[in-house]
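# Breakdown of the fold
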Amino acid sequence: MITDARALRPQFIPRDMVHRQGAIDQMVSIIDPLKWSVSSDNISIFGPSGSGKTTLAKYVLRKMERSHLDYRWGYVNCMSESSKTGALHRVLRDCRLGQDIRRAGTPASEYFERIREFDGVLVFVVDEADVLDEPELIAALADMEGVCLITICIDQDEFHASLRDQERVRSRLRAAETITLDKYSYSQLSDIIRYRVDHGLDAGRVDDEAVEYIADIAAGDARRGIAYLRRAARHVQDGSAETLTVDVVRDVADDAQANLRERRIRYLGTHKRALYDLVEAGGPDGVSAGELHQEYQKSVQNPKVRRTVRRYLDSLERYELIESYGSTSATRYKTIGSKAAEAARQT
Ligand SMILES: Nc1ncnc2c1ncn2[C@@H]1O[C@H](COP(=O)(O)OP(=O)(O)OP(=O)(O)O)[C@@H](O)[C@H]1O
Ligand SMILES: [Mg+2]
């Protein structure tokens, strides 16, 4: 059934990114290598989860790699690594600069020095940029000569609002070229799913109706659509069904959804993961903001300041891993969709 599992992996960058030609062209024209000697513009990509933001950035930068020698690019996802030096370490490592720098204890200035020393263009992708511990990093990188900064996050207004007291960062973001992706339409999503069927599965064993059904229930989110397809394909592969039908998709839909959550949780950085685990431990009644903060202080080394913890909790909420409720003075948090939350719902 599965002929090429790569096509079903969430991080797979397809050879053809369908239905995003406008955004691809826009991005290529902004990072026009001909302009590099003069200046480099920065880019902000926005759009809902599963609209292809991360894929768009990686797709274009990888393509450019083939035709340009004098540039390097690096990527960091701030849900996994949100400290200033941690983020710098990741992007520089991808750029093959500063591999000799030890992560622990190296000041940010040393990373900046390496960037300045490099003779060529560096493109840095800061994904889920709204969870950076120190958003000033955005302004610092955006201002560097020879650096093109690409920030990615879901919602432009929320992002700007979260930077209320960071005028310098906001002004750099306002100056950046904006690329906004919308949710995929039903027919666009059908094409994306069908492409994965053709490239990763024995297409003769996949019902057309099943593809349409997946495109329908994934509601514009390609990540969800591919997760349904992956689970359903595995179901057939295991011998639990002959062909991939609408019924198979129905049977595996909840599992696929749970699997997406687990993946998100697995990639959380240490502090966000600690917070998530503490909220989860609160069970169906959740945990108060005060208690959560106290427990967090005890459970990690070098706990972050309250303001940063707040940003982390906001990001966990945005990704629908937790929810807050109660009044502002007595906010409580609980998990959404976790096993504990589901058990509570069913009783
Ligand atoms: N136009 C497309 N053609 C083919 N595959 C796509 C396309 N857009 C997205 N995908 C696939 O859908 C999945 C989700 O895309 P991606 O991770 O880029 O979304 P995102 O907007 O970054 O979402 P999130 O905000 O949740 O990180 C990936 O597996 C990607 O390969
Ligand atoms: Mg992404």
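Reading the values: the criteria
Throughout this document, residue positions are counted from 1 along each chain, in the order its sequence is written. Chain labels run from A onward and ligand labels from 1 onward, assigned in the order the entries are written. At least 70 in pLDDT is required for a residue's local features to be given in this predicted model, at least 80 for side-chain atom pairs to be given and counted, and no such filter applies to totals for whole chains, interfaces and linings, which use all residues. Each side-chain value is worked out from all heavy atoms of the structure, with water and hydrogens disregarded. What counts as a helix is a DSSP run of H or I of at least four residues, what counts as a strand is a run of E of at least two, and both are numbered from the N terminus. Here the radius of gyration uses the C-alpha set of atoms, whereas the globule reference equals 2.2 Å times the residue count to the power 0.38. Three exposure classes are used, based on accessible area relative to the maximum for each residue type with a 1.4 Å probe and protein chains only: buried under 20%, partly exposed in between, and exposed over 50%. The contact definition used throughout considers only heavy atoms, calling two residues in contact when any of these lie within 4.5 Å. Here the accessible surface of atoms and residues is derived via Shrake-Rupley with a 1.4 Å probe, and residues count as covered only by protein chains that are part of the display. The positive count covers Lys and Arg only, the negative count covers Asp and Glu only, and His and the chain ends enter neither. Note that the charge is assigned to NZ on lysines, CZ on arginines, CG on aspartates and CD on glutamates. The pairing criterion for strands is at least two bridges between them, as found by DSSP. Geometry is summarised by axes, namely lines fitted to C-alpha atoms with helices restricted to the contacting stretch, and by angles between N-to-C directions that run from 0 to 180 degrees. Salt bridges are identified by distance alone: a Lys or Arg side-chain nitrogen within 4 Å of an Asp or Glu carboxyl oxygen. Each residue carries a pLDDT score, the predictor's confidence in it, ranging from 0 to 100. Near is defined per residue: the residue qualifies when any heavy atom it owns lies within 4 Å of the molecule or strand. Under this definition, polar contacts are N or O atom pairs within 3.5 Å; protein pairs additionally need one hydrogen-donor-capable and one acceptor-capable atom, and for neighbouring residues in sequence, both atoms have to be side-chain atoms. Our working definition of a disulfide is a cysteine sulfur pair at a distance within 2.5 Å. Each pair of aromatic rings taken from Phe, Tyr and Trp, with Trp reduced to its six-membered ring, is defined by centres within 6.5 Å and is described as stacked if the planes are under 30 degrees apart, edge-to-face if over 60, and tilted in the remaining cases. Placement of a charge over a ring requires the Lys NZ or Arg CZ to be within 6 Å of the ring centre, with the centre-to-atom vector within 35 degrees of the ring normal.

### Points about the overall build of the protein
When its secondary structure is counted, the protein shows 15 helices and eight strands. A compact globule built from 347 residues should have a C-alpha radius of gyration of about 20 Å, and the protein, at 22 Å, falls within 12% of that. Dimensions of the protein along its principal axes, counting C-alpha atoms only, are 60 × 55 × 35 Å. Taken over 347 residues, the protein has a buried fraction of 47%. Within the protein, contacts between residues separated by at least 24 positions form 69% of all contacts whose residues are at least 6 apart in sequence. Working note: accessible area of the protein is about 17100 Å², and carbon and sulfur atoms make up 45% of it. Across the protein, 51 positive and 55 negative side-chain charges occur, with their mean positions spaced 4 Å apart.

### Topic: the sheet that holds strand E2 (residues 71–77)
If you trace the five strands from one edge of the open sheet to the other, you get E2-E3-E4-E1-E5, paired in parallel fashion. Of all the strands in the sheet, the pair left with one neighbour each is E2 and strand E5 (177–180). The mean angle between the axes of side-by-side strands here comes to 15 degrees, regardless of whether they run parallel or antiparallel. Bridge analysis of E2 against strand E3 (residues 121–127) gives seven bridges, and the strand direction is parallel. Across the sheet, residue Trp73 finds its bridge partner in E3, namely Val123.

### Digging into the pattern of salt bridges
A complete count under the given rule lists 18 salt bridges for this structure. For Glu167, the salt bridge is made with Arg170, and the minimal N-O distance between the two is 3.4 Å. Pair noted here: Glu167 and Arg170 are both in helix H7 (residues 167–175), with a separation of three residues, about one helical turn. A relative accessible area of 42% places Glu167 in the partly exposed class. Put simply, Asp100, Glu110 and Arg114 are held in one network by salt bridges that share partners.

### Quick notes on unusual backbone geometry
Backbone geometry places His19, a non-glycine residue, at a positive phi of 60 degrees. Mapped onto the fold, His19 is located in the segment before helix H1 (21–30). A residue is classified by how much of its surface remains accessible, and His19, at 37% relative accessible area, is partly exposed. Phi at Glu128 is positive, roughly 50 degrees, even though this residue is not glycine. Along the chain, Glu128 falls in the loop between E3 and helix H5 (136–142). Overall, the relative accessible area of 9% leaves Glu128 in the buried class.

### Topic: the confidence of the model for the protein
Residues with a pLDDT of 70 or more make up 95% of the protein, whose mean pLDDT is 90. Taking the mean pLDDT of every element in the protein, the minimum, 58, falls on helix H15 (residues 339–346) and the maximum, 97, on helix H9 (residues 208–217).

### Brief notes about the site of ligand 1
Near ligand 1 there are 22 residues, and of these Pro10, Ser49, Lys53, Thr55 and Tyr184 occur at the shortest range. Within the side chain of Lys53, one N or O atom sits 2.7 Å away from an oxygen atom of ligand 1. Interatomic distance of 2.9 Å between a side-chain N/O atom of Arg223 and an oxygen atom of ligand 1. Within the complex, the protein chains bury 98% of what would otherwise be the 630 Å² of accessible surface of ligand 1.

### Some details on the state of the cysteines
Within the structure shown, the criterion is met by zero disulfides. This cysteine, Cys78, is not joined by any disulfide, and Cys153 carries the nearest cysteine sulfur, 9.9 Å off. The exposure class of Cys153 is buried, given its relative accessible area of 4%.

### Overview of the packing of aromatic side chains
This model, assessed by the stated rule, comprises zero aromatic pairs. The cationic tip of Lys272 hangs over the ring face of Tyr312; the distance from NZ or CZ to the ring centre is 4.3 Å.

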